[in-house]
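What follows is the residue order along each chain.
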Amino acid sequence: MPVWQNPFSLSRTHRGAWRRLDSEERYRAIQNLGNGQLACCVFLQVAIFTVALWFAIHVHTRGQISLPSSVADAAMDNPRIMSYMVTLIATVISFLNTVLLGRVLQIALTARMTQPLSLQTLRGSFALITRQTLLGVRGLKISWTWIKSLACMRDGRKDIAPSDRQYWTWMKYTIMYGILCGPLTSSWTSFLTPTPVELQFDFTGTEMDYFAAAAQLRARWNGYLAPYPSESSPLVTYMNATRGMRGYGLRDVMLHVQAGNAAAANELGLPYYIPFQDALYNGSTGGIFINSSTMIQDADPSIPSEYAGWTQSYTTVQQGLSAEVQCRQQPFIDATDVYPSVGLYWSASLGTSITAPNLTVPADYGIQRWFMVTDCSSDSVAYTSDIMAMVDLNNSTLGDGVLIGSVCKYQDFEKATNQSFLVLMQGFAPSYSFIEPTICQVSPRITSVNVEFDGITVNINDTTSSEALDPEGQQAAYIDQISDLIWLMMFDTQSLSGNSMAAGIQLVGYAFDGSLILDSDLLNFALENYLRGAIEFLGTLWRMELQQLSNTSMTQYTGVVRIQSLGYEYKRSTSLLLLVPLAVVVILTCAAAVYTPAIKPKKPGHTSFVEASSIQEKMDGPVDHAPRSSFADSEDFDPINIIHLMMLASRTRLGNEAGENELSQFNLD
């Protein structure tokens, strides 16, 4: 058997395989860093991962990154186009990641194709050697053919079948490759898709100062103010139809009744909104006044011009007016040796008859009139008259019932004070007897509240501070006006057929537990929030009216305007999980590059060629004995070049490819 003594040596063996005869080839993985293709692939893969990781950490550290206003506006106006562009970019990047990984694997595994390779296996590996991209369904097919080739090479077999254990082992590897590369596009899409972010801009505004506004309120009421009671100057107050109609600066009490219902219902878990001046107050107004026009006026100077006209929401810290209310059941009608004590008097008169031509219609009803004298203390008395109801001829109520009430100004449960007042009320059958004799202590508070406003809905989220009124009486106007409001509400809501204030409280309790009879705890809870809501709405009216006056004492408030835009915001570290598929691909790329044996592509190796005897017998003499060293001995021969392999293979008779050539094997290095 002739053997040429040159860098490429050809010889025959009985197995017909190319076998590497050079035993001095060593694996020098570090030298792969000098391989231009490997270094380039690894560098690009690591660079992509580094940029993605840096961006994720930067966004997480900074909190958020917003897109330019023009880009964000276009993306929000065209969400489908934005989704298309993001998916396209993600697909391109994931394609590049897959190509880089596939290229490194091709180089690594091509360098390790050192076992016998049949022509059938060689054909299955052509896709790999010719640098076809391992991507998509076609890529999986190529990968499977190539993996079968590796299995055949390792065991020296021509093919493997589903019944072989190796078949399923390499099937798992193929599936793992598909599972690894498949999530890349989804991962990049999720990572690159911009999400809604809020741009925040601080601003300041001005509002009425409750601490200093009492004087303006008193002037607006033409100087009227109930005096503080004393032994030398007892306090006498009254409420009757004349005063109720004049109102002393008070508006229609029905707005306050609605506000009371909303506050009580909201605290019991029932949604209730108060519409007022182009805004919806959720549950209560909190004593603040806010709408879109005032917010735009205050916040616009702080907003960059490119965001003008964008959807805005606001968070402010404002001064509010509220009340601390405590209610308890305490008999007061004809009470002795205790304050307050109420004397209740009533009379009924027959209604008038109607005279028509040839007919007189007699009165079949009567009018019942109530009068209350409330001894609040030894030096304070309050009168309530003109409480009326309709009765039949037997003095039985025809309507729903009567709610009587009064107020005692400048006192609490224990003593006289400039910081509180008392409210007395009691309901009567047939519908309002659930309001047992109740006394509520009302203490107005000047508060600081956090307000959320989205342009329509106002939410009072939290009360950060609450201060009682001046004990020296500098804000006595608040006590006088607020107590008049509660008194007027009880008086004005009474009609001949019933009382809308009592009916509203009953309806709130019914909506909460389905019963028209409220127990004492539920009644007190409902009344406390009802009165608080009415007082807070009165504060909103004061603020709206006084802020328009030039002599109103003002104070500054702070706020943040929020604008909805698009950008990137990774609030949790779990967002880094989106980079896990890419990280695995990078690790595999680097590992494959290191695993690749150091090779010298253009340096001839030691190669042997053997063919089966069945082929030898079918080959004619001239071809079989043609000198094969002229090409194999060339310095240009590259054993991993498919064209060179085909030229070398053509030195044998390949016409009978279907049979004998399957026995031909090549050993490449």
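Residues numbered from 1 in each chain as written. Predicted model: local features only at pLDDT ≥ 70, side-chain atom pairs only at ≥ 80, totals over all residues. Heavy atoms only, no water.

Attention now moves to the overall build of the chain. A count of helices and strands for the chain gives 19 helices and 19 strands. Among the 669 residues that make up the chain, the fraction classed as buried is 49%. Look at the contacts in the chain between residues 6 or more apart in sequence, and 76% of them connect residues 24 or more apart. Of the roughly 32100 Å² of accessible surface on the chain, 56% is carried by carbon and sulfur atoms. (Helix = DSSP H or I, 4+ residues; strand = E, 2+ residues; numbered from the N terminus. Buried < 20%, exposed > 50% of the residue type's maximum accessible area, 1.4 Å probe, protein only. Contact = heavy atoms within 4.5 Å. Areas by Shrake-Rupley, 256 points an atom, 1.4 Å probe, with all protein chains shown as cover.)

This part is about the pairing of strand β17 (residues 554–568). Inspection of the sheet shows strand β1 (residues 65–66) paired to β17 by two bridges, in the antiparallel sense. Considered in β17, the bridge of Ser 66 is made with Gly 567. When strand β3 (residues 195–208) meets β17, the two strands line up antiparallel, connected through 14 bridges. The residue of β17 that forms the bridge with Thr 204 is Thr 558. As judged from the six bridges shared by strand β7 (residues 312–329) and β17, these two strands associate in the antiparallel manner. (Pairing = 2+ DSSP bridges.)

Attention shifts here to a nonpolar patch on the surface. A cluster of nonpolar side chains, Ile 81, Tyr 84, Met 85, Leu 88 and Val 92, forms an exposed patch at the surface whose accessible area comes to about 500 Å². Counting through the fold element by element, Leu 88 comes out in helix α3 (residues 79–111). (Patch = residues over 30% accessible without salt bridge, like charges linked within 9 Å, V, L, I, M, F, W, Y side chains within 5 Å. Salt bridge = Lys/Arg side-chain N within 4 Å of Asp/Glu carboxyl O.)

Our focus in this paragraph is unusual backbone geometry. Backbone torsion omega between Tyr 339 and Pro 340 reads -5 degrees, so that peptide bond is classified as cis. Among the secondary structure elements, Pro 340 is positioned in the loop between β7 and β8 (341–350). Pro 430 follows Ala 429 through a cis peptide bond whose omega is 10 degrees. For Asp 337, which is not a glycine, the phi torsion comes out positive at approximately 60 degrees. The exposed category is assigned to Asp 337, whose relative accessible area is 83%. Here the phi dihedral of Asn 358 falls at roughly 60 degrees; this positive angle occurs in a residue that is not glycine. Mapped onto the elements of the fold, Asn 358 is located in the loop between β9 (354–356) and β10 (359–361). Residue classification places Asn 358 among the exposed residues on the basis of a relative accessible area of 86%.

This part covers the side chain of Thr 316. On the secondary structure map, Thr 316 appears in strand β7. Relative accessible area serves as the criterion here: at 1%, Thr 316 is assigned to the buried category. Reaching out from Thr 316, the side chain makes a polar contact with the side chain of Gln 318 at a distance of 2.9 Å. If we ignore the near neighbours within four places in the chain, the residues touching Thr 316 are Phe 203, Met 295, Val 449, Asn 450, Val 451, Tyr 557, Thr 558 and Gly 559. (Polar contact = N/O pair within 3.5 Å; in protein donor to acceptor, adjacent residues only side chain to side chain.)

On to the environment of Ile 290, then. Positionally, Ile 290 belongs in the loop between β6 (279–282) and α11 (292–299). Taking the relative accessible area as the measure of exposure, Ile 290 reaches 0% and is therefore buried. The sequence separation of Ile 290 and Ile 456 amounts to 166 residues, and the corresponding C-alpha distance is 9.8 Å. Residues contacting Ile 290, with those up to four places away along its chain left out, are Ala 279, Tyr 281, Met 295, Gln 318, Val 451, Phe 453 and Val 458.

Those residues of α11 that sit buried are Thr 294, Met 295, Asp 298 and Ala 299. Buried residues in α11, looked at end-on, bunch into an arc of 115 degrees, giving them a common side. Looking at the packing, one finds that the buried side of α11 touches β3, β7, β15 (438–453) and β17. (Arc of directions from axis to C-beta.)

With that out of the way, let us pick up the packing of aromatic side chains. Tallied over the entire structure, the rule returns 16 aromatic pairs. Here Tyr 210 and Tyr 478 contribute two aromatic rings whose centre-to-centre distance is 6.4 Å and whose plane-to-plane angle is 75 degrees, an arrangement assigned as edge-to-face. Of this pair, Tyr 210 sits in the loop between β3 and α8 (214–220) while Tyr 478 is found in helix α12 (residues 476–492), placing the two residues 268 residues apart along the sequence. Summarising the burial analysis for this pair, Tyr 210 and Tyr 478 share the class buried. Each ring, one from Phe 276 and one from Phe 537, has its centre 5.2 Å from the other, and the planes form 75 degrees; the classification is edge-to-face. Here Phe 276, found in strand β5 (residues 273–276), pairs with Phe 537, found in helix α14 (residues 520–546); they are 261 residues apart in sequence, far enough to count as distant. (Phe/Tyr/Trp six-rings, centres within 6.5 Å; stacked < 30°, edge-to-face > 60°.)

This brings us to the nonpolar core. Val 423, Tyr 478, Ile 486, Met 489 and Met 501 are the most contacted members of the largest nonpolar core, which totals 74 residues. Among the elements that line this core, the one with the most residues is α12, at 12 residues. If near-sequence neighbours (up to four positions away) are discounted, Ile 486 is found in contact with Phe 421, Val 423, Leu 531 and Ile 535. In terms of nonpolar packing, the next biggest core, distinct from the first, is built from 62 residues, Ile 48, Val 59, Tyr 307 and Tyr 568 among them. (Core = buried A, V, L, I, M, F, W, Y, C linked by side-chain atoms within 4.5 Å.)

With that out of the way, let us pick up the confidence of the model for the chain. Residue-level pLDDT values for the chain average 76, and 69% of them are 70 or greater. Below pLDDT 50 for its whole length, residues 115–121 participates in 31 contacts with residues either more than four positions away or in separate chains. This stretch, residues 245–249, has a pLDDT under 50; its non-local contacts, to residues over four places away or in other chains, come to nine contacts. (pLDDT = per-residue confidence, 0-100.)

To continue, consider the sheet that holds strand β12 (residues 380–391). Sheet architecture is open: four strands sit in the order β4-β12-β11-β8, paired in mixed fashion. This sheet does not close on itself; its edge strands, each paired only once, are β4 (235–239) and β8. Averaged over all neighbouring strand pairs, the angle between strand axes comes to 15 degrees, with direction disregarded. Each of β4 and β12 touches α12; the most contacted strand, β12, lies at about 20 degrees to it. (Axes fitted to C-alpha atoms, helices over the stretch in contact; angles between N-to-C directions.)

This part is about the state of the cysteines. Here the structure, examined in full by the defined rule, presents two disulfides. Looking at the chain, its bonded cysteines, counted consecutively from the start of the sequence, adopt the pairing 1-4, 2-3. (Disulfide = S-S within 2.5 Å.)

Next up on the list: the pattern of salt bridges. Evaluation of the coordinates by the stated rule reveals nine salt bridges. In this structure, Arg 562 and Glu 198 form a salt bridge, with 3.2 Å as the shortest nitrogen-oxygen distance. Separated by 364 residues along the polypeptide, Arg 562 in strand β17 and Glu 198 in strand β3 bring together distant segments of the chain. The class for Arg 562 is buried, based on a relative accessible area of 17%. Within this structure, Glu 267, Arg 532 and Glu 536 form a network of salt bridges that share partners.

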